[in-house]
Amino acid sequence: MASPSERTAKTVTIRDVAAAAQVSIGTASKALNGRGRMRAETRDRVLTAARRLSFRPNPLAQGLLAGRTYTVGLVTGDSFGRFSIPVMLGAEDALDAGQISVFMCDTRDDPIRERHYVERLLARRVEAIIVTGRRTEPRPGIGRLPVPVVYAMTQSTDEGDVSLVPDDEGGAALAARHLLATGRTHVGHITGPRRFQAARRRAQGLTAALAEAGLRPAGEVLFGQWSEEWGRQAADVLLHAAPDVDAVFCGSDQIARGVAETLRERGRRVPDDVALVGFDNWEPMALGCRPPLTTVDMNLGEIGRLAARHIMDAIDGRPAAGGVTVVPASLVIRESTRRTG
């Protein structure tokens, strides 16, 4: 008789398990999948044999038997993966503990390419599709499909679709209240293009939180680009307009890193003279900043996990009602807002 090590050298099949447990292949299959009626003694004998033989079910065979493919498509316009990869990792963590695979397709913001990928994913018989991107602006939905669809880090203009977006306004309010708690009272704001919903909402969140304390932003809110270069330029503008500024909240970590450079060049110490907060918690930027940057985390992993849960519920016949769900942000505190004095 072959030893256990010799048996595991080749693939152990359900036939081997059935023979070891002295039951039929059909009975072994039902016991391993938790289906069908049988005596507890018989089920235990099959499970014991499977463990002893180190039997590992074939996911493809299981899927075919169950009419499932155990795959989900992720359609993204975020070519660099800055936002879509954290969403995907969060989704993978929640998708049946790694039993479901994710196919990621980059549309490059091209509607024709997006439609092509959706058709390819459906041809592969994915069980659901997650649509994501690098902007939260409302976008046309991909239409009614034979599988569940969830929008994450973006939102569909179709109110019947399920959309999950980060809390830009709430995240900005967290930043403002943190700065006030460290004793700052002259808070400037430098952010991205006004045409972006995220930039407008972050400005609104800051302004509202300052208003609660009877304050207004130092100088005007400066809208520009999502770039370090804009941060460098805008910091000079802010210092000229509001020389008593003692804190700057930036609409992105890239902007904040540029602001930090200009402050250093102008002899303003961070955080001793000016506290600095970013947005995104993009670690290469936040940790590369001097000093390391306090920043708002959009919790993209959590958005991905929630998207996966919606998908699993829909697959199980419990689809969620359509609409937009705002996922709370959090504040990651580092050296750039250390309390001074």
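Details of the structure are given in the entry above.
Residues numbered from 1 in each chain as written. Predicted model: local features only at pLDDT ≥ 70, side-chain atom pairs only at ≥ 80, totals over all residues. Heavy atoms only, no water.

Student: Got a minute to help me understand the nonpolar core in this structure?
Tutor: What tends to happen in soluble globular proteins is that the nonpolar side chains get buried as a cluster. Within the largest apolar cluster, 41 residues are counted, with the highest numbers of intra-cluster contacts made by Val72, Leu95, Ile130, Leu179, Phe249 and Leu300. With six residues, the single largest contributor to this core is helix 13 (residues 300-315). Formed by 23 residues, the second largest nonpolar core is a distinct cluster that contains Leu222, Leu239, Val270 and Val274. (Core = buried A, V, L, I, M, F, W, Y, C linked by side-chain atoms within 4.5 Å. Buried < 20%, exposed > 50% of the residue type's maximum accessible area, 1.4 Å probe, protein only. Helix = DSSP H or I, 4+ residues; strand = E, 2+ residues; numbered from the N terminus.)

Student: Whenever I open this one, the environment of Val187 confuses me. Can you help?
Tutor: Structurally, Val187 is set in strand 8 (residues 187-191). Judged by relative accessible area, which is 0%, Val187 ranks as buried. Spatially, the C-alpha atoms of Val187 and Ala209 are 11 Å apart, while their sequence positions differ by 22 residues. The residues contacting Val187, other than those within four sequence positions of it, are Leu179, Leu206, Leu210, Pro217, Ala218, Asp246, Ala247 and Phe249. (Contact = heavy atoms within 4.5 Å.)

Student: Would you explain the packing of aromatic side chains in this entry?
Tutor: One pair of aromatic rings is described through two measures. These are the centre distance and the angle between the planes. Scanning the model with the defined rule gives two aromatic pairs in all. Considering the side-chain rings of Phe196 and Trp226, the 6.0 Å spacing of their centres and the 70 degrees angle between planes classify their relative orientation as edge-to-face. Note that Phe196 is positioned in the loop between strand 8 and helix 9 (197-212) and Trp226 in the loop between strand 9 (222-223) and helix 10 (228-241), a separation of 30 residues in sequence. According to the relative accessible area criterion, Phe196 is buried, its value standing at 14%. Given a relative accessible area of 25%, Trp226 falls into the partly exposed group. Its end group placed over the ring of Phe103, Arg124 keeps NZ or CZ at 4.9 Å from the ring centre. (Phe/Tyr/Trp six-rings, centres within 6.5 Å; stacked < 30°, edge-to-face > 60°. Lys NZ or Arg CZ within 6 Å of the ring centre and 35° of its normal.)

Student: Would you take a moment to explain a nonpolar patch on the surface for this structure?
Tutor: A cluster of nonpolar side chains, namely Ile85, Leu89 and Met104, defines an oily patch on the protein surface of about 240 Å² accessible area. By secondary structure assignment, the location of Ile85 is in helix 6 (residues 84-94). (Patch = residues over 30% accessible without salt bridge, like charges linked within 9 Å, V, L, I, M, F, W, Y side chains within 5 Å. Areas by Shrake-Rupley, 256 points an atom, 1.4 Å probe, with all protein chains shown as cover. Salt bridge = Lys/Arg side-chain N within 4 Å of Asp/Glu carboxyl O.)

Student: Even after reading the chapter, I still don't get the sheet that holds strand 5 (residues 149-152), so can you show me in this structure?
Tutor: Sheet strands associate in pairs through backbone hydrogen bonding, adopting either a parallel or an antiparallel arrangement. If you trace the six strands from one edge of the open sheet to the other, you get 2-1-3-5-7-13, paired in parallel fashion. Both edges of this open sheet fall to strand 2 (101-106) and strand 13 (323-327), since each of them pairs with a single strand only. Each strand axis lies, on average, 20 degrees off the axis of its neighbour in the sheet, ignoring direction. The pairing of strand 7 (residues 162-166) with strand 13 spans five bridges and is classified as parallel. The residue of strand 13 that forms the bridge with Ser163 is Val324. Sheet strands touched by helix 13: strand 1 (71-76), strand 3 (129-132), strand 5, strand 7 and strand 13. Its angle to strand 7, the strand with the most contacts, is close to 170 degrees. (Pairing = 2+ DSSP bridges. Axes fitted to C-alpha atoms, helices over the stretch in contact; angles between N-to-C directions.)

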